[in-house]
Structures are given as structure tokens and as C-alpha cells.
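# Observations on the three-dimensional arrangement
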Amino acid sequence: MSQEKTTISVIKADIGSLAGHHIVHPETLAAATKVLAEAKFKGLIIDFYVTNVGDDLQLIMTHKRGVDAPEIHELAWNAFKEAANVAKDLGLYAAGQDLLSEAFSGNVRGLGPGVAEMEFVERPSEPVVVFMADKTEPGAFNLPMYRIFADPFNTAGLVIDPKIHEGFKFEIFDVFENKAVLLSAPEESYDILALIGTPGRFIVRRVYRKPDNEIAAVVSVERLSLMAGRYVGKDDPVAVVRAQSGFPAVGEVLEPFAFPHLVAGWMRGSHHGPLMPVSQRHAKCTRFDGPPRVLALGFQVKNGKLVGPADLFDDVAFDESRRIAQQIADYMRRHGPFMPHRLGPEEMEYTTLPSVLEKLKGRFFVEKVYEVKKPKVTTSLLSGKEEGD
Ligand code: F6R
Ligand code: MG
Ligand code: MG
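Notes on the structure in this doc start here.

Reading the values: the criteria
- Residues numbered from 1 in each chain as written.
- Chains lettered and ligands numbered in written order.
- Predicted model: local features only at pLDDT ≥ 70, side-chain atom pairs only at ≥ 80, totals over all residues.
- Heavy atoms only, no water.
- Donors = N, O, S within 2.8 Å, 3.2 Å for Na, K, Ca; no water.
- Helix = DSSP H or I, 4+ residues; strand = E, 2+ residues; numbered from the N terminus.
- Buried < 20%, exposed > 50% of the residue type's maximum accessible area, 1.4 Å probe, protein only.
- Phe/Tyr/Trp six-rings, centres within 6.5 Å; stacked < 30°, edge-to-face > 60°.
- Lys NZ or Arg CZ within 6 Å of the ring centre and 35° of its normal.
- Salt bridge = Lys/Arg side-chain N within 4 Å of Asp/Glu carboxyl O.

### Quick look at the coordination of the magnesium ion (ligand 3)
Geometry sets the ideal angles at a metal, namely 109.5 degrees for four tetrahedral donors and 90 or 180 degrees for six octahedral donors. At 2.0 to 2.2 Å from the magnesium ion (ligand 3) lie its protein donor atoms, namely D55 (OD), D56 (OD), D134 (OD) and D236 (OD). Each donor residue of the magnesium ion (ligand 3) lies on one chain, and together they are spaced D-D-x77-D-x101-D. A distance of 3.3 Å spans the gap from the magnesium ion (ligand 3) to the magnesium ion (ligand 2), which D55 bridges by coordinating each metal. Here the residue D55 occupies a position in the loop between β2 (47-53) and β3 (56-63), and D236 occupies one in the loop between α6 (224-228) and β10 (238-242), the gap between them amounting to 181 residues.

This is the structure we're talking about:
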């Protein structure tokens, strides 16, 4: 086995979509594909796969240039720019919305696109799962990542496979403070959960296998709302997870998604809804602009080549999860404008609250408060003395 490392870079952006925010147009996929095909021909990347989930254009690329390589980020930026130009020509909705800057400056982080990249020495057989979600936020992967890498009720291998029995380390990123902490499972499980149970702030960014610090998973942590200082689009996340022989099995990696947990980001980025695991065919968001969806594509990485993909949620075994997700979607929808379907005021991407408060400020009135007199005399049970005035 060569010790040369392969990098897998998943970079995504919403550069405009067809008939609202629901699905990427095939011509924008084609424009991005052309840019990546040329880069592959020139040898900049080894291989690539272009796809979408909902209104997000996804570039899955392999190369030898490591994470955060300026030339790879520039390539992704150019692919998005070309796709955005097509989106503008076609009059697609919100064309170019995630490309926050006019000029590329070395790294797409902070410019708008979401990025999940990892570099590793390929095992003789290297299965990876690429997760891509729409109408949600990066913290949506917190619960599944915890279950995959720290919950023995999900991942049998944590108990019975000597290769992963020691557990994993979680790198948790605080998006408000822009700093990270590394915690070990199972020893620090409760601390991990204390943080990642607040998925709008603390995000599982990377997971490492404990004995050798081998990278196991990476999640995009870009939050467009924070980067732009205002809401400019959803920070729909992507993640890459390595599987099998020394990592959780593919079935253990997919298993948490059988439970359609509630995530933030549905309709106007301002509602909670169930995360529905779907096949590529159903990776489009129509019902109340959702519900939030996650697609899982499985690849084998061989000498940098992407063999596949396998559409992993395209399985009747996930039908029941989808049905439950629909029931939860109905249940949540019946709350209409009420929390907890609608997000709390500090998390909403759209709000009229300040203007409503401003408009009504002269109409708020204070109820006359009647003075309540304390009872005159009580006897303290402890001292036996009289109290009160
Ligand atoms: C959510 C999303 C959509 C839009 C909604 C309103 O991520 O993309 O739910 O927020 O369709 O869009 P605008 O404000 O563009 O009309
Ligand atoms: Mg969008
Ligand atoms: Mg989206």
C-alpha cells in the first residue's frame, strides 16, 4: 500500500434553483460538471462526482493536494460561478445566492460554500459515505455522529470489534466563539452530549479513531447566516464518513438516520422538522419547502478513483423511517406559527418581530397593579418567634 495520501473534498453551494428553492436545474449540474471534467483532464483532480440534494449543488472530488488546497477551492469556486452564470441566464431562483464574494481569495471557507474534506492513506479497500442534507444546518449531523461513533446501542462494533473498542475522539466546534475542543468517547460522553445537544452552536466537526488518530468523519461547519452577518441562504451541511474494517460498518453509519430526528432549517430556515432519509430521486424539497432531507452516497476510493456511487437510502428498509418522518412532518405542521415548530426568535432566519414590536410600541399598556399586603403575623416553626411586620 502506497503511503501517499488521497484527499476527498465535498464542497457545496446553492447557486440558484428551479421553481423556487426546491431543486437544482440539470443545466447548472452540467456547467459544474464541465469545469470539473476539464480539471480532471488536466490532472488537477483525480476524479469527481457532481450531484444535488434539493437546491444545493454538490461537488465530490478526489485529489492529492490535501485539505484546504487553494487550487481545489478555486476550482470549486469556478464551477459554482459557471453554474451560477447558467442559473442567471435561465432566470433560476436565487441565482448565485451562496457566492457571497465577487472575487475568490484562496479558500472558499467564509465565502459561502460548505466544505467537508479529509485526507488519508487509502486502505486496500476504502468505503466512504458522503452525506448531503438540505433545509437544515450542520448541527443536524450531531445526533447521528454521536450515535455512529459513541453509542453502543447503534454501533455494535464499539462493543464487539477490537479495532474500534477503544472509541473515538470528537472535535467539537463552537460556531459563535470560533474555537474547538477535542473530547474522548466513551470517557467524556456526558461532556460531549452537554455541548452537542445545542446543535445551533456546538457542531461535531471531525471524528478521529482513538488509538491512532486516524480521521473517521468530517462535517461542514459553515453557517452562512453568521458569515454574512445576515441571512443569505441555508447552511445546508455535508459530511464524509469512512466505513468498515477499523471504522463503523456502513450499516452502523446509516442506522441513526432510521430515526428521523428533529432538525432546524425547514421553511425559511425558521422551522423544526424531521430529517427524512431519501434516495437521489427524492432529494427535492417540495412540501412546505421540505421536509429537511438527507441523501447518502456510498463510494469506494481506489487510487483516488471514486467507484460508485451506491444510493444508500434507496432501500425499502428506510420506508418506515420515511413514513414516520411524514407523520412527524404532519404533527409539526399543525403547530403552524407556534414554537417549537417555528424556531425561537434568536434563531429565525426571517422575522417580523422587531417591526411588529415597533409598530405596537405605543399600544402596550401596563395593568394597574394592586398592592398586596403581607399577612400580619406568622409564627416561625423554627424559632417560635413572630415574623412579618
Ligand atoms: C429554506 C429555503 C426556503 C426559503 C423560502 C422563502 O432553506 O430555502 O424555505 O426560505 O422559500 O424564500 P424567499 O425569501 O427567497 O422567497
Ligand atoms: Mg437554498
Ligand atoms: Mg439548500
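Next comes the rest of the write-up.
### Here's the deal with the coordination of the magnesium ion (ligand 2)
Note on the magnesium ion (ligand 2): its protein donors are D14 (OD) and D55 (OD). The metal-donor distances range over 2.1 to 2.2 Å. Judged by relative accessible area, D14 falls into the buried class, the value being 2%.

### Overview of the packing of aromatic side chains
Scanning the entire structure with this criterion turns up ten aromatic pairs. Here the aromatic rings of F131 and F257 are separated by 4.6 Å at their centres, their planes lie at 25°, and the arrangement is stacked. Linking F131 in strand β5 (residues 127-134) with F257 in the loop between α7 (250-254) and β11 (262-265), this pair joins segments that are 126 residues apart in sequence. For the residue pair F131 and F257, the accessibility class agrees, reading buried in each case. Ring centres 5.7 Å apart and planes at 55° place the aromatic pair F257 and F313 in the tilted group. In this pair, F257 sits in the loop between α7 and β11 while F313 sits in the loop between β15 (305-311) and α9 (319-333), placing the two residues 56 residues apart along the sequence. Grouped by ring-pair contacts, the aromatic residues F131, F141, F257, F313 and F318 constitute a single cluster. Above the ring of F120, the side-chain terminus of R242 is found at 4.2 Å from the ring centroid. Over the ring of F288 we find R333, and its NZ or CZ is 3.5 Å from the ring centre.

### Here's the deal with the pattern of salt bridges
Enumeration according to the criterion identifies 20 salt bridges in this entry. Between R242 and E126 there is a salt bridge whose closest N-O contact spans 2.8 Å. Within this pair, whereas R242 is found in strand β10, its partner E126 is found in the loop between β4 (114-121) and β5, the two being separated by 116 residues in sequence. You'll find R242 and E126 in the same group, each marked buried. For R147, the salt bridge is made with D151, and the minimal N-O distance between the two is 3.2 Å. The exposure class assigned to R147 is partly exposed, which follows from its relative accessible area of 23%. Overall, D151 belongs to the buried group, its relative accessible area being 15%.

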